[in-house]
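These are the residues of each chain, in order.
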Amino acid sequence: MVKLTRHTRENEDTLTDLLNERSRGGWEPTLISQRGEQLTLIFCRSAEG
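Right, let's walk through the structure included here.

Rules behind the numbers
- Residues numbered from 1 in each chain as written.
- Predicted model: local features only at pLDDT ≥ 70, side-chain atom pairs only at ≥ 80, totals over all residues.
- Heavy atoms only, no water.
- Pairing = 2+ DSSP bridges.
- Helix = DSSP H or I, 4+ residues; strand = E, 2+ residues; numbered from the N terminus.
- Salt bridge = Lys/Arg side-chain N within 4 Å of Asp/Glu carboxyl O.
- Buried < 20%, exposed > 50% of the residue type's maximum accessible area, 1.4 Å probe, protein only.
- Expected span 1.5 Å × (residues − 1).
- Contact = heavy atoms within 4.5 Å.

Here seven bridges tie strand β1 (residues 28-35) to strand β2 (residues 38-44), and the two strands are oriented antiparallel to one another. By the bridge assignment, Glu28 is partnered in β2 with Cys44.

Okay, structure coming up:
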């Protein structure tokens, strides 16, 4: 969970770091939703057999 601030640049850096970290771990965004000021990102990773 990431709590964003009122500082746009800090938020951009935080989200970029999160997305890069998930991408390197094999995770992909499957749902992106926004309600008011709340942004929800759900990631999934396919099971490799």
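Structure shown, so let's carry the discussion forward.
Now for the pattern of salt bridges. Counting across every chain of the model gives three salt bridges. A salt bridge links Arg9 to Asp13; the shortest N-O distance between them is 3.7 Å. In this pair, Arg9 and Asp13 are both assigned in helix α1 (residues 8-24), four residues apart and thus about one turn of the helix distant. Judged by relative accessible area, which is 36%, Asp13 ranks as partly exposed. Where Arg22 meets Glu21, a salt bridge forms, and the shortest distance between an N and an O atom there is 2.6 Å. Judged by relative accessible area, which is 26%, Arg22 ranks as partly exposed. Looking at Glu21, the relative accessible area reads 46%, which means it is partly exposed.

Compared with an ideal rise of 1.5 Å per residue, which puts 17 residues at 24 Å, α1 spans 24 Å between its outermost C-alpha atoms and is within 8% of the ideal. Immediately downstream of α1, the backbone of Gly26 shows phi near 85 degrees, a positive value.

Attention now moves to the pairing of β1. Counting buried residues in β1 gives zero out of eight residues, a small share hidden from the surface. In this structure, the hairpin formed by β1 and β2 is closed by a connection of two residues, where Gly36 is found at a positive phi of approximately 60 degrees.

When you line up the elements, Asn11 lands in helix α1. In contact with Asn11, other than residues within four places in its own chain, are Leu4 and Thr5.

Mapped onto the fold, Arg6 is located in the segment before α1. For Arg6, a relative accessible area of 80% puts it in the exposed group. Residues Arg6 and Leu31, 25 residues apart in the sequence, show an inter-C-alpha distance of 24 Å.

Everything listed here is a matter of coordinates, which is why it stays silent on function.
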